[in-house]
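# Notes for the structure review
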Amino acid sequence: MILCSTNDPRNRATFREAVDRGIAEDGGLYVPVSLTPFTPGELAGWKGMSLQETAFAVSRRFLGDEISPAPLRRIVEESMTFPIPLRRLEEDTSVLELFHGPTLAFKDVGARFMARTVAYFHRGDDREVDVLVATSGDTGSAVAQGFYGVKGVRVVLLYPSGKVSKIQEQQMTTIGGNVTALEVQGTFDDCQRLVKQALTDGEVKKHRRLSSANSINIARLMPQMFYYFHAGLQVGVSPVFSVPSGNLGNLTAGVLAHAMGLPVRKFIAACNVNDVLPEYLRHGTFRPRPSVQTIANAMDVGNPSNFARLMAIYGRSREKMAAEIGGFSCTDGQTRETIRAVYRKLGYVLDPHGAIAYRAWKHEQGMRGQGIVIATAHPAKFAEVYDDGMAAGITIPPRLQACLERQKQSVRISSQFDDFKSFLIHHT
Ligand SMILES: *Cc1c(COP(=O)(O)O)cnc(C)c1O
């Protein structure tokens, strides 16, 4: 697999180089130079395939010979250890439940695959690698869990102080071992900026080997194609995927799956009021801005980094992008209303992120056919959103309960780069 930077297609990398660097040296993100799509004939036999088999076939095609079949199979099997059921809710609507992993959010998929890929690439290497993760909520604990106990890796999480839920904070700050949580006095965008800056800072790189693990890393993005293939081929027709969107990693993975031959009728980028992409799709202007806090806080992103990848994939054409992706955004009030309405009508509890995707699918004008609504988090993680009647209907999974009872451990830093730099160099 050859990838190139979104800033300059002449800057190329192998998959391994792209995984190690996180972002390209010119500050761009890595995208595949070309993809070899599966033909309809090749996909014809996939319908009954297990998630793991599908994952192996997709990653094998994507990676070429960069990881040989036996270790790749092992990575896939150790990553895809939980079910991703597609639940029929209504005649034309199914929910793809991505929240049955260790941290109860969809980022477990990418994080587990990435952790095992990094560990595989660095087998037999004695220099420790720092994996940097900026998180607006769920990424942190997913990645940290993915890497927990992996030899030769130190995980450094950065999260915006006071801007994640209590549960999310507990999940990030109670892991221990090779995981350190940094509580940044700033926003998620500050956290993301700090990571980007560290990855290209010469002095830090002299002292530490760095990698990143938020949705900009290709090893996190690639495995997110697995469930698009697995679910998409189950419904029998080209589905519409409604994708709860923040940093646009999930959406980009869907678009790549489509480029690899998966029939898709349309994607919907379902956003909260942080609607930078829907606005671009409408007006052709990309206007990053400070993020606004919402109840779907894993999507509170004001400058979505994977926008650069979408631009590269669609040749910088708004028309081409809008032909495949519809934009939608809604307020917290509308999200709550959707949660209540779906519960009343169907007895199904959506989390706020999934609820936005459900609403987007129902509101998108003139769209017929089969909708696959992606549900990215377990409702138990957002207890404060539900009224008493509904809250009683949500079972708190035991692993979540256990982590709520542990003692929080974090290191507070400012949003100044020098603070972060000094932590990376001196705190080992
Ligand atoms: C991260 C996250 C999202 C947004 O996904 P992106 O790939 O950043 O667009 C949506 N829902 C949940 C629960 C998340 O954790």
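Residues numbered from 1 in each chain as written. Predicted model: local features only at pLDDT ≥ 70, side-chain atom pairs only at ≥ 80, totals over all residues. Heavy atoms only, no water.

## Some thoughts on the overall build of the protein
The helix and strand tally for the protein stands at 20 helices and 14 strands. Against the 2.2 N^0.38 benchmark of 22 Å for 428 residues, the protein shows a C-alpha radius of gyration of 20 Å, consistent with a compact globule. Viewed in the frame of its principal axes, the protein has a C-alpha envelope of about 55 × 50 × 40 Å. The buried share of the protein, taken over its 428 residues, is 61%. Contacts in the protein between residues far apart in sequence, at least 24 positions, make up 74% of those at least 6 positions apart. Accessible surface computed for the protein: about 16,400 Å², of which carbon and sulfur atoms make up 48%. Taking the average place of the 49 positive charges on the side chains of the protein and the average place of its 42 negative ones, the gap between the two points comes to 2 Å. (Helix = DSSP H or I, 4+ residues; strand = E, 2+ residues; numbered from the N terminus. Rg over C-alpha atoms; globule rule 2.2 N^0.38 Å. Buried < 20%, exposed > 50% of the residue type's maximum accessible area, 1.4 Å probe, protein only. Contact = heavy atoms within 4.5 Å. Areas by Shrake-Rupley, 256 points an atom, 1.4 Å probe, with all protein chains shown as cover. Lys, Arg positive; Asp, Glu negative; His and termini not counted. Charge placed at Lys NZ, Arg CZ, Asp CG, Glu CD.)

## Notes on the site of the ligand
Close contacts around the ligand come from 15 residues, with Lys-107, Gly-246, Leu-248, Asn-250 and Thr-376 the closest. Between the ligand and the protein, one listed contact pairs an oxygen atom with a backbone N or O atom of Gly-246 at 2.8 Å. At a separation of 2.7 Å, a nitrogen atom of the ligand approaches a polar side-chain atom of Thr-376. Considered class by class, the residues forming the shell around the ligand number six nonpolar, seven polar and two charged. (Near = heavy atom within 4 Å. Polar contact = N/O pair within 3.5 Å; in protein donor to acceptor, adjacent residues only side chain to side chain. Nonpolar A, V, L, I, M, F, W, Y, C, P; charged D, E, K, R; others polar.)

## Comments concerning the sheet that holds strand S3 (residues 30-32)
Ordered by their spatial adjacency, three strands build an open sheet running S2-S1-S3, and the pairing between neighbours is antiparallel. With partners counted over all chains shown, the strands left at the sheet margins are strand S2 (12-14) and S3, one partner each. This sheet shows a mean twist of 40° between the axes of neighbouring strands, independent of strand direction. Here strand S1 (residues 2-5) pairs with S3 via three bridges, running antiparallel. Within S3, the residue paired with Ser-5 across the bridge is Tyr-30. (Pairing = 2+ DSSP bridges. Axes fitted to C-alpha atoms, helices over the stretch in contact; angles between N-to-C directions.)

## Some details on the sheet that holds strand S6 (residues 129-134)
Within the open sheet, the five strands sit side by side as S9-S6-S7-S8-S14. Their pairing is parallel. With partners counted over all chains shown, the strands left at the sheet margins are strand S9 (209-212) and strand S14 (411-413), one partner each. Taken over all neighbouring pairs, the strand axes of this sheet differ in orientation by 30° on average, direction set aside. Where strand S7 (residues 153-160) meets strand S8 (residues 179-184), six bridges bridge the pair, whose relative direction is parallel. Bridge assignment links Leu-158 to a residue of S8, and that residue is Leu-182. Its contacts with the sheet put helix H7 (residues 166-173) on S7 and S8, and the angle it makes with S7 is roughly 160°.

## Let's talk about helix H3 (residues 51-63)
In this model H3 runs 18 Å from its N-terminal to its C-terminal C-alpha over 13 residues, within 8% of the 18 Å that 1.5 Å per residue would give. Every buried residue belonging to H3 is among Leu-51, Thr-54, Ala-55, Phe-56, Ala-57, Val-58, Ser-59, Phe-62 and Leu-63, and all of these are buried. Of the surrounding elements, those touching the buried residues of H3 are helix H1 (15-21), S3, helix H4 (69-79), helix H10 (218-221) and helix H11 (224-232). Looking one or two places after H3, you find Gly-64, whose phi comes out positive at around 60°. (Expected span 1.5 Å × (residues − 1).)

## Some words on the state of the cysteines
A full pass over the atoms with the stated rule returns zero disulfides. Free cysteine Cys-271: the closest other cysteine sulfur is in Cys-330, separated by 9.2 Å. A relative accessible area of 3% means that Cys-271 is categorised as buried. (Disulfide = S-S within 2.5 Å.)

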